[in-house]
Amino acid sequence: MTQILKNNFEKSFYNLILILLLSSTGAWAQDITLPPDTTVVTNHTTTIKGVKISYTATTGTQPVWDENGKAVASLFYTYYKRSNAGTMADRPLLISFNGGPGSASVWMHVAYTGPKVLNIDEEGYPQQPYGVHENPNSVLDVADIVFVNPVNTGYSRPIRDEAKATEPGKLKAMKEAERKRFFGINADIKYLADWINSFVARHNRWLSPKYLIGESYGGTRVSGLALELQEKQWMYLNGVILVSPADYNYFNSDPAISSALNLPYFTAAAWHHKALPQELQQKDLLDILPESENYALDHLMPALARGGSLSAEEKKKVAEKMSYYSGLSVKSIMQNNLDVPTQFFWKDLLRDKTGQTIGRLDSRYLGLDRSEAGDSPDYSAELTSWLHSFTPAINYYIREELKFKTDIKYNMFGPVRPWDERNNNTRDDLRKAMAENPYLNLLFQSGFYDGATTYFNAKYTMWQLDQSGKLQDRMSFKGYRSGHMMYLRKEDLKSANEDLREFIKRTRAHGKPAKY
């Protein structure tokens, strides 16, 4: 009897060992995944504007639910909440998005409004050792902030039934369904509005004054979200901040509009590189930009509208004035029929001076092409510089300081294309949201040296958004002597945050009724 028990025990023991080995092997063989609904909370202190504050950082994932209550994606976010800051009703919430589309919410997170900023020099260039340090200008003193990463950016991913994905044709069908659900102007707005509703409810923020901030394509995103939140989620905002906003209505307009609006940016970039005539170069930038703006609206736009009907004499006269305000030669402007592409400007401005190219998103940056000939730069000098410093900073910060660790790759830029741009009504959606909500105010922030979403395009968007002029007293514009991410320049990091801080303070209702 004893021997039988011994044999059974040994058999059971060996079976247990085999099960554990197989389980261990299976675990190592699994794909890398991230729980769709998880959080890590850490406690911190920082000093903002000379005042020490305490805050919590909640880093994690929250599901996107479909109409049947099934999780179809998981969005990665970081939520900063100041400690001992009073009631939720008195504490604003700032919901932050970057753009792309397909960009993670890294840029404003660790370079603009968040409590930590990356290590760069005073003009925004990479600096080793990489890392982060306290941001004494963060708006966390006046508002809690959540940075949201849309699907396929950061650690955000769609959720698939992996077993079904192995069946013939299923994976392709799943990807197509994901594309329709997530990757388009209107699809993006719809699922993010649902996600925001869940976040606000989970964190008890329904009573808080709420603000959206979006950079670049994020400007399109938050413009649409303002109305979607009001009409589909019954969530009303106090403010929308558009940082270097991308307006697709402008991008898709005729050259008479889109090309003419580029001239003031040409003036700013040429002034920075000392490429303007001495008469202009000796003046301050803010003194010459109004001249260029007026010429663009009152003379260049009508000339471009005339097209081929413009006489040779008139065409040459316009080209000479464009040369005066852009630093380009009359000959190259004439060769482009007055319609000078921005990529040609980036290539040509310094071609005969230093042979260098200038940056697209920030034209202060310089590049070196293989050949001085050509119509466009080989690469984006500013973007390669930024990735140089942002990528190590965000990966270190999330893992080591916020304690959120995973083997999933952090997508600075994720696969979201082709992006469905059809039925884009976001500009008018924002106008309608303002009309429906007397509390809603807008702040535009742009860098003068941004050649992708130019500062004058932002002004034009603001003017066109409300052609009646009845909403203009709730819109404001701030310009900075830097580029697309104006906050990379230390001086503008301080002033842009201060402008945002004052905007939030000013647009709090403070008991004032929402009525006209």
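Residues numbered from 1 in each chain as written. Predicted model: local features only at pLDDT ≥ 70, side-chain atom pairs only at ≥ 80, totals over all residues. Heavy atoms only, no water.

Caption draft 1: Representation of the overall build of the protein. Assigned secondary structure in the protein consists of 17 helices and 14 strands. Compactness check: the protein gives a C-alpha radius of gyration of 26 Å against a globular reference of 24 Å for 516 residues, within 12% of the reference. Viewed in the frame of its principal axes, the protein has a C-alpha envelope of about 115 × 60 × 45 Å. Evaluated residue by residue, the protein yields a buried proportion of 55% over its 516 residues. Sequence-distant contacts, at least 24 apart, represent 71% of the contacts inside the protein between residues at least 6 apart. Within the structure as shown, the protein displays about 23,500 Å² of accessible surface, and the carbon and sulfur contribution to it stands at 52%. Charge-centre separation for the protein: the mean point of 61 positive side chains lies 4 Å from the mean point of 58 negative side chains. (Helix = DSSP H or I, 4+ residues; strand = E, 2+ residues; numbered from the N terminus. Rg over C-alpha atoms; globule rule 2.2 N^0.38 Å. Buried < 20%, exposed > 50% of the residue type's maximum accessible area, 1.4 Å probe, protein only. Contact = heavy atoms within 4.5 Å. Areas by Shrake-Rupley, 256 points an atom, 1.4 Å probe, with all protein chains shown as cover. Lys, Arg positive; Asp, Glu negative; His and termini not counted. Charge placed at Lys NZ, Arg CZ, Asp CG, Glu CD.)

Caption draft 2: Expanded view of a negative patch on the surface. There is a patch of like negative charges on the surface, built from Asp31, Asp161, Glu162 and Glu167. Examined against the element boundaries, Glu167 turns out to sit in the loop between helix 2 (162–165) and helix 3 (170–182). The class for Glu167 is partly exposed, based on a relative accessible area of 38%. (Patch = residues over 30% accessible without salt bridge, like charges linked within 9 Å, V, L, I, M, F, W, Y side chains within 5 Å. Salt bridge = Lys/Arg side-chain N within 4 Å of Asp/Glu carboxyl O.)

Caption draft 3: Local environment of the packing of helix 4 (residues 185–202) against helix 5 (residues 217–232). Two elements in contact, helix 4 and helix 5, have axes whose closest approach is 9 Å; the angle formed by their N-to-C orientations is 60°. On the basis of the axis angle, helix 4 is oblique to helix 5. Crossing of helix 4 against helix 5: the hand is right-handed. Between helix 4, through Ile185, Asp188, Ile189, Lys190, Leu192, Ala193 and Ile196, and helix 5, the contact on the second element is made entirely by Tyr217, Arg221, Gly224, Leu225, Glu228 and Leu229. Among the residues forming the contact of helix 4 with helix 5, the class breakdown is eight nonpolar, one polar and four charged. (Axes fitted to C-alpha atoms, helices over the stretch in contact; angles between N-to-C directions. Parallel < 35°, antiparallel > 145°, perpendicular 65-115°, else oblique. Left-handed = near helix turned anticlockwise from the far one by under 90°. Nonpolar A, V, L, I, M, F, W, Y, C, P; charged D, E, K, R; others polar.)

Caption draft 4: Molecular detail of unusual backbone geometry. Looking along the chain, the bond that leaves Gly100 and enters Pro101 is cis, with omega of -5°. Mapped onto the elements of the fold, Pro101 is located in the loop between strand 4 (93–97) and strand 5 (116–118). Pro418 follows Arg417 through a cis peptide bond whose omega is 5°. Relative to the assigned elements, Pro418 resides in the loop between helix 14 (381–401) and helix 15 (426–436). One non-glycine residue, Leu338, adopts positive backbone phi at about 75°. With respect to the helices and strands, the residue Leu338 is situated in the loop between helix 12 (330–335) and helix 13 (342–348).

Caption draft 5: Fine view of the pairing of strand 9 (residues 210–215). The buried count for strand 9 comes to six of six residues, which makes it a mostly enclosed element. The side-chain alternation of strand 9 yields two buried faces, one formed by Lys210, Leu212 and Gly214 and the other by Tyr211, Ile213 and Glu215. Inspection of the sheet shows strand 4 paired to strand 9 by five bridges, in the parallel sense. Residue Ser96 lies in a different strand from strand 9, and its bridge partner there is Ile213. Two strands pair when backbone bridges link them, and strand 9 and strand 10 (residues 239–243) are joined in this way by five bridges, in the parallel orientation. (Pairing = 2+ DSSP bridges.)

Caption draft 6: Representation of the confidence of the model for the protein in the model. Looking at the protein, pLDDT values average 93 and 94% of them are 70 or higher. Confidence over residues 1–29 falls short of pLDDT 50; this stretch has zero contacts with residues more than four positions distant or in other chains. (pLDDT = per-residue confidence, 0-100.)

Caption draft 7: Examining helix 15 more closely. Of the positions making up helix 15, those classed as buried are Thr426, Arg427, Asp429, Leu430, Ala433 and Met434. Looking straight down helix 15, one finds that the buried residues subtend no more than 165° of arc, so they occupy a single side. (Arc of directions from axis to C-beta.)

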